[in-house]
Amino acid sequence: MGFFSAKTARVPEASQAASPSNALAAGQRCDLVQPLTTDQIQKILNLVPELGPLELNGCLGAGGFSSVYRVQNRNTEQPLAVKITDPLYKVATDCLQNSTGRLTESQAREAQSQYRYFEKRAQDELQIATLVLSTECPNLMPTRFVYSLNVRTVLNLTYDRIIWLIGMPVQPCMADQFHPLCQGQLDEPLLLKLGSDLCSGLLILDGMGRHGALKARQNIAAPAGQIAPGGKPLPPAVQILLIQEEEPDAHLLHRDVKPNNIFLRIRQDKDGRILSVDFILGDYGITRMITPSDTTPTGIQADPFKAPELSIHPFRATPSSDLYSVAMVMFWALWGNCSTDNFDRLLTLCKTADPTLQYRTNECHPGQYFSVLAQCLYTVWRNALIAPEVKTEILQHACMDVCSVSLLCDLLGMLNKIPSERPWQSAQAMRDALEQRRLAAPAQTILTPRQKQTIQQQAQKLKQQQQLLARQKEQLIQREQELNREKESSAKMRRQMEGCFDLFSSTQQSEQLLQEENKRLFRKKQETEQQ
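How each quantity is defined
Residues numbered from 1 in each chain as written. Predicted model: local features only at pLDDT ≥ 70, side-chain atom pairs only at ≥ 80, totals over all residues. Heavy atoms only, no water. Buried < 20%, exposed > 50% of the residue type's maximum accessible area, 1.4 Å probe, protein only. Helix = DSSP H or I, 4+ residues; strand = E, 2+ residues; numbered from the N terminus. Arc of directions from axis to C-beta. pLDDT = per-residue confidence, 0-100. Contact = heavy atoms within 4.5 Å. Phe/Tyr/Trp six-rings, centres within 6.5 Å; stacked < 30°, edge-to-face > 60°. Pairing = 2+ DSSP bridges. Salt bridge = Lys/Arg side-chain N within 4 Å of Asp/Glu carboxyl O. Core = buried A, V, L, I, M, F, W, Y, C linked by side-chain atoms within 4.5 Å. Axes fitted to C-alpha atoms, helices over the stretch in contact; angles between N-to-C directions.

Some details on helix H4 (residues 174–182)
Thinking step 1. Taken residue by residue, H4 has Met174, Phe178, His179, Leu181 and Cys182 as its buried positions. The buried residues of H4 all sit within an arc of 165° when viewed along its axis, so they share a single face.

Have a look at this one:
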């Protein structure tokens, strides 16, 4: 858990009833609110001395109206990521960026309205962060501390400025590390574990909204209302429980599942070999308790990972909305490192099967290849006019030798724009299905880049040895052929010599017969002369 224990982590009461009216009032300078400097951020971190002396070590990222900084405890040297939310500066940059001089009445009203909206979002995130305070769930990013502070005094400001602080462990981000880590090693078991871990995180998050709320409710004897004895607001978990008592179908949904919000917990052996990778779901910026009766939009911006209903009717989100994002993350893992040639080939196959597809390769950004392929494959998969064997051939190409066609079809089914028609309606159902597949498939160990390099070098040496043996074998074959030719030549010469010997023998016999005949004739002549 590190040096931020559950005992020291807490949510302090509001410093005072701060209001943005004095900073965003009519007549104030438009450039009054300035971004926080490094020295100011360090002063803000020093406001929590019981957490230890924290040292700022740079910015990890920024987005919306929050920035994440890496800090380090000077005593223990343990790193921590601190998310600093500053809605007042967000309003100053968005609403007043084209303004000069002083605020008019209309500008002030618009700015204050925007501030209340962003303040509500920050408070909602703070409630969710409180639920996972110092938890050690395997697939959910814990928070180490949560604070809401008015920094007017410490920064010597003339206006109230509320800053929200959320401390989290430092983990590598999936968006940056996944493909370099798994290049050439991605297989179906790892893809299934990715989906299973994300479903587990969603399941735990929703469960915390229920069981954690029940535990908090049992610890505080409060009537059925929003105010506890003494006039203090109920803890966030109790407020969530009260919502669920009124709305049994309410769910705590993450609504922002994407690689930038997923982190990796890597386990290695003493030699640096990666034994396993766990996927952790984090960033609860737009995580909300969604109820069927809610009709208040929350302004979720569309992106390739979000379900269509979130950008149209975000208050109608269901658990399958998060599962849509899980499927898209799995597609990103499968095709996020896809080359332009592979993308062109797959897109051409899809457009050949379904000419109605309007995507053009030169108009697609490489970062969106996975999304374009997912939508094209979904269209082809659902098209009843395309022959089944053509669909199978396209899907087999799309599997990239990583996953099975059946798994790809299940994931494509999650892209249905009608939530009720998606194959999995709950994180439990999707996790169970993926786990069943994963347990039935052989696991493959991920290798570090150094181990990959060593294996490649050994493979190269083995290839060179095989080439040398092949050359030696070829030389032996050639020598054997030469020996065979010499053997055949020797045999031919031997046969010729044997023929000559036979002829010589025959000649000798003829000469002997001729000599004998000559002797007989000579004797006969002598006998004739004597007579």
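Some words on unusual backbone geometry
Thinking step 1. With a phi angle near 55°, asparagine 156 is a residue other than glycine that sits in the positive phi range.
Thinking step 2. Within the fold, asparagine 156 resides in the loop between strand S4 (145–150) and strand S5 (162–168).
Thinking step 3. Phi at arginine 255 takes a positive value of approximately 70°, unusual for a residue other than glycine.
Thinking step 4. A relative accessible area of 2% places arginine 255 in the buried class.

Some details on the confidence of the model for the protein chain
Thinking step 1. Per-residue confidence for the protein chain averages 77 on the pLDDT scale, and 80% of its residues sit at or above 70.
Thinking step 2. Taken together, the stretch residues 1–18 has pLDDT below 50 and engages in 42 contacts with residues farther than four places along the chain or on a different chain.
Thinking step 3. Considering only residues more than four positions removed or in separate chains, one finds that residues 212–235, a stretch of pLDDT under 50, has 36 contacts.

Observations regarding the packing of aromatic side chains
Thinking step 1. Applying the stated rule across the entire model yields eight aromatic pairs.
Thinking step 2. Ring plane angle 40° and centroid distance 6.1 Å describe the contact between phenylalanine 178 and tryptophan 332, whose orientation is recorded as tilted. Taken together, the residues phenylalanine 178 in helix H4 and tryptophan 332 in helix H8 (residues 319–335) connect sequence positions 154 residues apart.
Thinking step 3. Each residue in the set Phe178, Phe279 and Trp332 is aromatic and connected to the rest through ring pairs, giving one cluster.

Here's the deal with the pairing of S4
Thinking step 1. With respect to burial, S4 is a largely interior element, six of its six residues being buried.
Thinking step 2. Side chains Phe145, Tyr147 and Leu149 of S4 all project onto a buried face; the interleaved residues Val146, Ser148 and Asn150 project onto the opposite face, where all are buried too.
Thinking step 3. Strand direction decides the pairing type here: S4 and S5, joined by six bridges, are antiparallel. Paired with leucine 149 across the bridge in S5 is isoleucine 163.

Remarks on the pairing of strand S8 (residues 274–281)
Thinking step 1. Bridge count for strand S7 (residues 262–268) against S8 is seven bridges, and the pairing is antiparallel. Bridging across to S8, arginine 267 finds its partner in serine 276.

So, the side chain of serine 196
Thinking step 1. You can see serine 196 is positioned in helix H5 (residues 188–219).
Thinking step 2. Leaving out residues up to four positions away in the same chain, serine 196 has contacts with Arg431, Leu434 and Glu435.

Section: the pattern of salt bridges
Thinking step 1. The full count for this structure, using the stated rule, is 13 salt bridges.
Thinking step 2. The salt bridge involving arginine 437 is made with aspartate 410; its shortest N-O contact spans 2.9 Å. Taken together, the residues arginine 437 in helix H13 (residues 427–440) and aspartate 410 in helix H12 (residues 405–413) connect sequence positions 27 residues apart.
Thinking step 3. Salt bridges sharing common partners tie together Lys83, Glu125 and Asp283.

Topic: the nonpolar core
Thinking step 1. Ranked by size, the top nonpolar core spans 124 residues in total, and within it Met174, Phe331, Trp335 and Leu408 carry the most contacts.
Thinking step 2. Counting residues per element, this core draws most heavily on H8, at 12 residues.
Thinking step 3. Setting aside anything within four residues of it in sequence, one finds phenylalanine 331 in contact with Gly336, Phe370, Ala374, Leu408, Leu411, Leu412 and Leu415.

Thoughts on the sheet that holds strand S2 (residues 66–73)
Thinking step 1. Spatially, the five strands line up as an open sheet ordered S1-S2-S3-S5-S4, and their pairing is antiparallel. The open sheet terminates on both sides in strands that have one partner only, identified here as strand S1 (54–63) and S4. Direction aside, neighbouring strands of the sheet carry axes that sit 25° apart on average.
Thinking step 2. Contacts between helix H1 (residues 38–45) and the sheet are confined to S1, S2, strand S3 (79–85) and S5, with S1 contributing the most and set at about 115° to the helix.
Thinking step 3. Across the sheet, helix H3 (residues 105–131) lies against S3, S4 and S5, angled at about 30° from S5, the strand it touches most.

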